[in-house]
Amino acid sequence: MKKLLLLTTAITMMATASQAKMFELHLQQGSINETRGFDSVLDVFDHYKDGSLDEIFSGYNSGYDSTGWLNFRGIEMKFEFVSGVLHFTAPSVGINDKTFDGGDGTQKSSFKVFRNWLKDNKDGLLSKILKSTVADTPYDMVAGNPNSLMANMADNTFQRGGGGVLGNFLSYLSPDASTHYFKLNGDKKKATVYSLPMGKTFKFDNGSKLMFDLPIYYTDMDGSASYSAQAGLAYMIPVIKKEGFKWNLTPGIRGGAVYSEDMLSGGLLYSGSITSHMSLPVGAFTYGLTNMVGYIRDFSIEAAGYEVDYDLKNMVYKNGVSIDYALNDKWSLGTAYSYTFYSGSDLFIEDYHDVTLSLTRKFREGSFFSGMALVGNYSFNGDDYYAYRVGINFLF
């Protein structure tokens, strides 16, 4: 956890990036005009020593002027040494040509002043950078994109309230894999996600249901790993339960955590929501309408002497329709569409669409599984984002 919060070290690395990897350093000094890319910021830490870049760029000389850039997960920062004085610029966090002068004309002394300034301003600067990563880039694992903890919490809440092709009021185990593509300034990055959503449902005689779920995720974002988990609790209340029409309301609460040492990202979120689900059977078809509204915010946490605070306060709205067609008494086909959008704190991707297809097989009564479903999903948002997901759902 300590290295997760070594952001002050990360931004002292004079350098930058074209966007081939999550972290890149670029340096111009004399004949040196080179870029180094890293999957993990820890790889940079392993080569970085006390403000000197000679471990990364062969031939670097701290006695000469130099210009460097750092691309930190899409956040651009510029470092320039002129006659030993350090000039630091980071437009996305409101810093423009701030100078640091050690007084003796050496880069080492100016770097020490800069490092002390970072230490004194660590919480405020870290908060600005965290807000910028969710508002200005699609790469943060806490929020700002459909692969983030915030989005996954909203999706699972929607599913538990009856949304999608399955109307998950059942107990289930649903391993799946997905590939997500993001664009920023013309550069494309890929995230591969493996997840294991699981849930348990308790049924009551009045038709209501108490539901728990615990999804876990592993994500590889262009070589940078992250891990996340959630815990959700919801209570489905039948409002209308006629044979030809059903309407349920499902209030719920949810908490989630994500951690990535490679990406210097981590956080805790919690949410409250209510979901409305209506279903109407017409012959072999069943039509569904689901509407969800929730409130999500983050916890401010203290770790390794740093305050980690994204200051996120968002409303999330997810609305969808579904159609299920019974091929016979055992097999059915399903399709669904949903639209998600957020208000509140700035997010890089504030809305996206999901299209889902499923093939479900019901098992005979008394079987260990009540059914099994193959599910495919396509998510998209204009040119900024699209993703494919495939999974198998074991229903109990």
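See the structure above.
Only a predicted model underlies this, so the values are computations on that prediction, with no experimental measurement involved.

## Some points on the overall build of the protein chain
Part 1 of the argument: Each helix and strand counted, the protein chain has five helices and 23 strands in total.
Part 2 of the argument: Across the 396 residues in the protein chain, those meeting the buried criterion constitute 49%.
Part 3 of the argument: Across the protein chain, every contact between residues at least 6 apart in sequence was considered, and the portion connecting residues at least 24 apart equals 57%.
Part 4 of the argument: Approximately 17,400 Å² of the protein chain is accessible, and the part contributed by carbon and sulfur atoms is 56%.

## Describing helix 5 (residues 149-160)
Part 1 of the argument: Look at helix 5: 16 Å from first C-alpha to last across 12 residues, which is about the 16 Å you get at 1.5 Å a residue.
Part 2 of the argument: In the stretch just after helix 5, Gly162 is the one whose phi turns positive, near 110°.

## What to know about the nonpolar core
The tendency in soluble globular proteins is for nonpolar side chains to be buried side by side.
Part 1 of the argument: Among the nonpolar cores identified, the biggest contains 60 residues, and Met77, Phe88, Phe114 and Leu312 are the most heavily contacted of them.
Part 2 of the argument: Per element, the largest residue contribution to this core is six residues, and it comes from helix 5.

## Section: helix 3 (residues 107-120)
Part 1 of the argument: The end-to-end C-alpha distance of helix 3 is 20 Å, a good match for the 20 Å that 14 residues give at a rise of 1.5 Å each.
Part 2 of the argument: All of the buried residues in helix 3 are Gln107, Ser110, Phe111, Phe114, Trp117 and Leu118. Along helix 3, the residues classed as buried sweep out an arc of 115° about the axis, all on the same side. Exposed side of helix 3, more than 90 degrees from the buried face: Lys108, Lys119 and Asp120 are the residues found there.

## Here's the deal with the side chain of Ser110
Part 1 of the argument: Assignment of secondary structure puts Ser110 in helix 3.
Part 2 of the argument: When sequence neighbours within four positions are dropped, the list of residues in contact with Ser110 reads Phe81, Gly84, Val85, Leu86, Phe100, Asp101 and Gly102.

## A short note on empty space enclosed by the protein
Part 1 of the argument: Applying the stated criterion across every chain yields a total of seven cavities of 30 Å³ or more.
Part 2 of the argument: In this structure, the largest cavity occupies an estimated 590 Å³ of space.
Part 3 of the argument: Looking at the largest cavity, it is lined by 37 residues, and the ones nearest its centre are Asp155, Asn156, Gln159, Asp176 and Arg389.
Part 4 of the argument: Mapped by element, the contributors of at least two residues to the lining of the largest cavity are helix 5, strand 8 (176-184), strand 9 (187-196), strand 19 (313-326), strand 20 (331-344), strand 21 (351-362), strand 22 (371-381) and strand 23 (385-395).
Part 5 of the argument: Split by residue class, the lining of the largest cavity holds 14 nonpolar, 18 polar and five charged.

## Comments concerning the packing of aromatic side chains
Part 1 of the argument: In the structure shown here, the tally under the stated rule is 20 aromatic pairs.
Part 2 of the argument: Considering the side-chain rings of Tyr317 and Phe341, the 4.8 Å spacing of their centres and the 20° angle between planes classify their relative orientation as stacked. Highlighted residues: Tyr317 in strand 19 and Phe341 in strand 20, separated in sequence by 24 residues.
Part 3 of the argument: Assessed through its relative accessible area of 25%, Tyr317 is described here as partly exposed.
Part 4 of the argument: By relative accessible area, which is 29% here, Phe341 ends up partly exposed.
Part 5 of the argument: Here the basic side chain of Lys189 rests over the ring of Tyr139, its NZ or CZ set 5.8 Å away from the ring centre.
Part 6 of the argument: In this structure, Lys318 is placed above the aromatic ring of Phe158, and the distance from its NZ or CZ to the ring centre is 5.4 Å.

## What about the pairing of strand 15 (residues 265-282)?
Part 1 of the argument: Pairing analysis gives 15 bridges linking strand 14 (residues 246-260) to strand 15, with the strands arranged antiparallel. For Pro251, the partnering residue across the bridge sits in strand 15 and is Ile274.
Part 2 of the argument: Between the end of strand 14 and the start of strand 15, which pair antiparallel, lie four residues, with Leu264 showing a positive phi angle near 50°.

## Here we look at the pairing of strand 6 (residues 95-100)
Part 1 of the argument: Here strand 5 (residues 85-90) runs beside strand 6; their pairing, made up of four bridges, is antiparallel. Paired with Ala90 across the bridge in strand 6 is Ile95.

## Thoughts on the sheet that holds strand 2 (residues 32-38)
Part 1 of the argument: One open sheet holds the six strands; their spatial order is 2-1-3-4-5-6, and the pairing between them is antiparallel. What marks the edges here is a single partner per strand, and that holds for strand 2 and strand 6. In this sheet, neighbouring strand axes are inclined to one another by 15° on average, regardless of whether the strands run parallel or antiparallel.
Part 2 of the argument: When strand 1 (residues 23-29) meets strand 3 (residues 66-72), the two strands line up antiparallel, connected through six bridges. Across the sheet, His26 pairs through a bridge with Trp69, a residue of strand 3.

## Comments concerning the environment of His180
Part 1 of the argument: Along the chain, His180 turns up in strand 8.
Part 2 of the argument: Each C-alpha atom, one on His180 and one on Tyr388, is 6.6 Å from the other, the two residues being 208 residues apart in sequence.
Part 3 of the argument: With residues near it in sequence (within four places) discarded, His180 still touches Asn147, Lys189, Lys190, Ala191, Val193, Tyr385, Tyr386, Ala387 and Arg389.
Part 4 of the argument: Of note is the side chain of His180, whose polar atom sits 2.9 Å from the side chain of Ser178.

So, how was this worked out
- Residues numbered from 1 in each chain as written.
- Predicted model: local features only at pLDDT ≥ 70, side-chain atom pairs only at ≥ 80, totals over all residues.
- Heavy atoms only, no water.
- Helix = DSSP H or I, 4+ residues; strand = E, 2+ residues; numbered from the N terminus.
- Buried < 20%, exposed > 50% of the residue type's maximum accessible area, 1.4 Å probe, protein only.
- Contact = heavy atoms within 4.5 Å.
- Areas by Shrake-Rupley, 256 points an atom, 1.4 Å probe, with all protein chains shown as cover.
- Expected span 1.5 Å × (residues − 1).
- Core = buried A, V, L, I, M, F, W, Y, C linked by side-chain atoms within 4.5 Å.
- Arc of directions from axis to C-beta.
- 1 Å grid on protein atoms, 1.4 Å probe; cavity = no way out; pocket = protein on both sides within 12 Å on 5 of 7 lines; lining within 4 Å.
- Points joined across faces, edges and corners; volume = space filled by probe spheres on them.
- Nonpolar A, V, L, I, M, F, W, Y, C, P; charged D, E, K, R; others polar.
- Phe/Tyr/Trp six-rings, centres within 6.5 Å; stacked < 30°, edge-to-face > 60°.
- Lys NZ or Arg CZ within 6 Å of the ring centre and 35° of its normal.
- Pairing = 2+ DSSP bridges.
- Axes fitted to C-alpha atoms, helices over the stretch in contact; angles between N-to-C directions.
- Polar contact = N/O pair within 3.5 Å; in protein donor to acceptor, adjacent residues only side chain to side chain.

In short, the description is geometric, and any link to function would need to be established separately.
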